Amino acid sequence: MYTVYTDGACRNNQEENNFGGWGVVMLDEEDNIIYQDYGSAVNTTNNIMELKAMLEALKMINSNNVPVKVVYSDSAYVVNGVNEWLPNWNMRGWVNSKKQPVKNKEYWQMINEELPDFATFTIEKVKGHSGNFGNDLADDLANQGADLAEENFKRIQEKPNILGNRKLNKLSKVLKEKEKEHDKDWWKLSSNWESTFC
C-alpha cells in the first residue's frame, strides 16, 4: 500500500501579485518515491493551491487504480472540507451553513467528483513543517511550482514590449495552457511506477 502527500504554497498570499505552487508525492512502505508532480499558478491563493494538490492526487489515484492507504495534507481547510463539510455543501446546493456560496466551489466540485463512493483510503491531516519526510517532499515540490510562477512572471516583466500592458493576463493564459498539457501527460509516470503497475 502507498501513502500520498499533498501540499500547496502561495508566495505573497493575498497580495496583488503572488505566485502559487502545488505538489504531490507518493511513497511506498519504505519511503521510496514512486511518483511526484507539481504545478504553478499566478495570482491565486494558498487554499486554492492546497485544493489543487488534493485534486491532482485523487486524479492520479483514480486513473491508475493505485492501492493507497492514506492521503495526507497539512491543510485543515482541505481535510475538514473533504471529511466533514463536503457532503453538506453538496446536499445544500453548494451553499454553506450561513447560506452563502461555498468559496472555491469549482475546486470542491471537482474533488467531489473524484472521491470514490467507497473509498479504500482515508484523507488525514499531517502537521506541516514538522520533519515529516513525505510532507517535506510535497512542500518542496509546491515551492518549486511557486518558483516557476515567479520566474516566468519576472521574465515577462523584463520584456514589456512583447506582451504590452496585459502581461499578467498573458502569463495566466500561458500557465493555463501549460497546465492543460500537464493534464494530458501527468499519467506518464516513472519507470519504477510502470514496472509496478503495467
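What you see is a predicted model; the values in this text were computed from it and never measured.

## Considerations on the pattern of salt bridges
Following the criterion strictly, the structure yields five salt bridges and no others. A salt bridge links Glu 56 to Lys 52, with the shortest nitrogen-to-oxygen separation between them at 2.8 Å. Here Glu 56 and its partner Lys 52 are both found in helix α1 (residues 46-64), four residues apart, which amounts to about one turn of the helix. For Lys 52, a relative accessible area of 6% translates into the label buried. The closest approach of N and O atoms between Glu 56 and Lys 59, which form a salt bridge, is 3.4 Å. A residue pair is termed a helical-turn pair when its members lie 3 or 4 positions apart in one helix, as Glu 56 and Lys 59 do in helix α1 at three residues. Classification of Glu 56 as buried rests on a relative accessible area of 3%. The network of salt bridges with common partners includes Arg 11, Asp 147, Glu 150 and Lys 154.

## Here we look at the sheet that holds strand β2 (residues 19-27)
On the basis of which strands lie adjacent, the open sheet formed by five strands has the order β3-β2-β1-β4-β5 and mixed pairing. The sheet is open, and its two borders are formed by β3 (33-42) and β5 (122-125), each paired with just one other strand. Within the sheet, the average angular offset between the axes of one strand and its neighbour, ignoring direction, is 20°. α1 rests against β1 (2-11), β2, β3, β4 (68-73) and β5 of the sheet, and its axis sits at about 155° to β1. Against the sheet, helix α2 (residues 76-92) makes contact with β4 and β5, and its axis sits at roughly 145° relative to β5, the strand it touches most.

## Some points on helix α3 (residues 105-114)
What α3 keeps buried is the set Tyr 107, Trp 108 and Ile 111. For α3, the buried positions fall inside an angular range of 95° around the axis, keeping them on one side. Check the buried side of α3 and you find it contacts α1 and α2.

## Comments concerning the pairing of β1
Of all 10 residues in β1, nine are buried; the element is thus mostly enclosed. As paired strands, β1 and β4 are joined by five bridges and run parallel to one another. Bridge pairing in β4 links Tyr 5 to Tyr 72. In the sheet, β1 pairs with β2 via nine bridges, with the strands oriented antiparallel. Bridge pairing links Cys 10 to Gly 20 in β2.

Cut-offs applied
Residues numbered from 1 in each chain as written. Predicted model: local features only at pLDDT ≥ 70, side-chain atom pairs only at ≥ 80, totals over all residues. Heavy atoms only, no water. Salt bridge = Lys/Arg side-chain N within 4 Å of Asp/Glu carboxyl O. Helix = DSSP H or I, 4+ residues; strand = E, 2+ residues; numbered from the N terminus. Buried < 20%, exposed > 50% of the residue type's maximum accessible area, 1.4 Å probe, protein only. Pairing = 2+ DSSP bridges. Axes fitted to C-alpha atoms, helices over the stretch in contact; angles between N-to-C directions. Contact = heavy atoms within 4.5 Å. Arc of directions from axis to C-beta.

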